[in-house]
Structure formats: structure tokens, C-alpha cells
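These are the residues of each chain, in order.
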Amino acid sequence: MKIRVEENYRQMSCEAARIIAGEILRNPNLVLGLPTGNTPKCMYEKLANLCKEGVVDFSQVVTFNLDEYYDLPFDHEKSFHRYMEEKFFSRVNILPQNTYIPNGMTDSVERECKNYDRKISEQGGIDLIVLGIGPNGHIGFNEPGTRWDSATRLVELTEKTITREFDRSQNHPRKALTMGIKNIMRARKVLLLASGEKKAEIVDRTINGPISNDVPSTILQLHPDLRMILDEGAAGKARG
Ligand code: GLP
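An account of the accompanying structure is given in this report. (Residues numbered from 1 in each chain as written. Predicted model: local features only at pLDDT ≥ 70, side-chain atom pairs only at ≥ 80, totals over all residues. Heavy atoms only, no water.)

**Here's the deal with the sheet that holds strand 7 (residues 153–156)**
Neighbouring strands of a sheet are bound in pairs by backbone hydrogen bonds; such pairs are parallel or else antiparallel.
Logical step 1: The antiparallel open sheet is built from 3 strands, whose spatial order is 4-8-7. Taken across any chain shown, the strands that pair with only one partner, and hence form the sheet edges, are strand 4 (67–69) and strand 7. Taken over all neighbouring pairs, the strand axes of this sheet differ in orientation by 30° on average, direction set aside. (Pairing = 2+ DSSP bridges. Helix = DSSP H or I, 4+ residues; strand = E, 2+ residues; numbered from the N terminus. Axes fitted to C-alpha atoms, helices over the stretch in contact; angles between N-to-C directions.)

**Re the site of the ligand**
Logical step 1: Around the ligand, a shell composed of Gly 37, Asn 38, Thr 39, Asp 67, Gly 132, Ile 133, His 138, Gly 140, Phe 141, Arg 164, Glu 165 and Lys 199 is seen.
Logical step 2: Relative to its unbound accessible surface of 390 Å², the ligand loses 96% to contact with the protein.
Logical step 3: Counted by class, the shell around the ligand contains 2 nonpolar, 6 polar and 4 charged residues. (Near = heavy atom within 4 Å. Areas by Shrake-Rupley, 256 points an atom, 1.4 Å probe, with all protein chains shown as cover. Nonpolar A, V, L, I, M, F, W, Y, C, P; charged D, E, K, R; others polar.)

**Some points on the environment of Thr 218**
Logical step 1: Within the secondary structure layout, Thr 218 lies in the loop between helix 7 (200–208) and strand 10 (226–231).
Logical step 2: Of the residues examined, Thr 218 reaches a relative accessible area of 1% and is grouped as buried.
Logical step 3: In sequence terms Thr 218 and Asn 208 are 10 residues apart; their C-alpha atoms lie 8.2 Å from each other.
Logical step 4: Sequence-distant contacts of Thr 218, defined by excluding residues within four places in its chain, comprise Trp 148, Arg 205, Thr 206, Pro 210, Ile 211 and Ser 212. (Buried < 20%, exposed > 50% of the residue type's maximum accessible area, 1.4 Å probe, protein only. Contact = heavy atoms within 4.5 Å.)

**Some remarks on the packing of aromatic side chains**
Logical step 1: Counted according to the given criterion, the structure contains 10 aromatic pairs.
Logical step 2: Seen from their ring centres, Phe 64 and Tyr 116 are 5.6 Å apart, and the 85° between their planes marks the pair as edge-to-face. Residue Phe 64 is located in strand 3 (residues 62–65), and its partner Tyr 116 is located in helix 4 (residues 109–122); the two are separated by 52 residues in the primary sequence. In this structure, Phe 64 and Tyr 116 share a single accessibility class: buried.
Logical step 3: A ring pair is formed by Phe 80 and Phe 141, whose centres lie 6.0 Å apart and whose planes are at 15°; its orientation type is stacked. (Phe/Tyr/Trp six-rings, centres within 6.5 Å; stacked < 30°, edge-to-face > 60°.)

**Brief notes about the pairing of strand 8 (residues 175–178)**
Logical step 1: Here strand 4 runs beside strand 8; their pairing, made up of 3 bridges, is antiparallel. Its bridge partner being in strand 8, Glu 68 is matched across the sheet by Leu 177.
Logical step 2: As paired strands, strand 7 and strand 8 are joined by 4 bridges and run antiparallel to one another. Residue pairing across strands places Val 155 opposite Ala 176, the latter belonging to strand 8.

**Comments concerning helix 7**
Logical step 1: The complete set of buried residues in helix 7 reads Ala 200, Ile 202, Val 203, Asp 204, Thr 206 and Ile 207.
Logical step 2: In the core, the buried residues of helix 7 are packed alongside strand 1 (2–6), strand 9 (189–194), strand 10 and helix 8 (232–235).

As C-alpha cells, this is what we get:
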């Protein structure tokens, strides 16, 4: 595990974009796993700038998003389809047919999940997966209690996660489709980003805590090529 601490969120994002761009320069056909959430927003912006400047070319890159809400229309403001389109895909030269996101509007969850895992295999697996982390240690939407051998599937979101993401007075999803821990651990490289003091405790548990399904991110301790990029706030409680 390599841990790098940057002074602030912006620098954490620059470093993440730099690593991804470097991987694409080395392998233009890179298969990239991608997260949503607040954490990677600036990273996407930096990558879009690098693309605009001609530093990095996404025309042969393939992406697989980690997750998507179940039964939430793609044009909903919280949809990860919409997030990816607005924050990243529309701003780089990636081909739409090379971008995959679980289809939460599917009429057959089982078929959708199987197809998703099959498509990942057909692309030769994920070369580099970028992760954020939930305050309870969820990665993707693999909430506490997730089995280590889980693949893409439909999951129930915890109350905490729902409250964090949605205004409870409105209609909101209770489920999501997510890649499983097995998909994440099979990626050849993992890059985890965390920013801000509110992530400090979970970052410490992820690095130093016992490996336990109660904190899904702890399994990453066993990944042979894990890099964490933290800002000072998120690194504040990590021992050692
Ligand atoms: C989510 C996503 C995760 C994300 C995490 C952290 O809801 N499913 O992929 O990494 O929560 O989100 P944030 O970056 O907003 O703190």
C-alpha cells in the first residue's frame, strides 16, 4: 500500500488526474473503473483539462462505473449517468460505446448484473479502479456486511447512506446496483481518494483496522497494488 498525503483537496485531485493520465499514456486502451460522489469532481475537471490541452487521449479508453441507483431515471439530478455525462464524458473525447454504467432502470436486474460482469471480463478486466470511500467504509455501494466474493448485484442502501445523499422528504431510491468486492479486488491497480476531516476516522480504520466485513474498505489492505491519495484533513487520524 502506498499512501500519499497532499496539502488540500485540489492537490489531491491533481495528483489523481496525473496518475490516471500517466496510465493512459502508457496504455491508450486502459480499462478504467470510475467512482461518483463529491470526492472525484475536481479530478474529473483536471482530467478534462488535460484532455483539452492534448496531454491525454481518451479515444481508446474504456470505463466501467462502480454503481448506479436502482430505478432512478437517468436524467434525475442524482443519477450517476447524469453525473458522469455532465462532469466527465461530455468534456473528453471518450466514445459513448466505451463507457459502461450499471443500468438501474433495467427490467431484469439479474441479467443486467451478469452482463456487466461479462462485459468487464470481455474487456480483459479492469486495469485501474478509482475509488472514493463512504464514512462507513463502503466502496462503490458495498455497504457493511458485504461478502468478499460479491460481484455486481442489487443492494439495499443503509439509512445513513440514503440520508447523506437524499432529502428524506422526497422520493428517493433505497437500492442500487454496484460492482462487488470481487470486481474491485480483481482490478490490477486501485487508487483510493479521500478528502476532508470527516473521512479521517474511516481512512485510519481502512489502513490500520482489522480486516472485517463490517468495514468493507479494510479488504483493500490485501490488494497488491493499492495507492491512497489523501488530503491533510483525511490523513489526520491515520496512525503510523
Ligand atoms: C457514494 C458512492 C461511492 C462514493 C462514496 C463517497 O455514495 N457510491 O462510490 O465513493 O459514496 O462519496 P463522497 O465522495 O461524496 O464522499
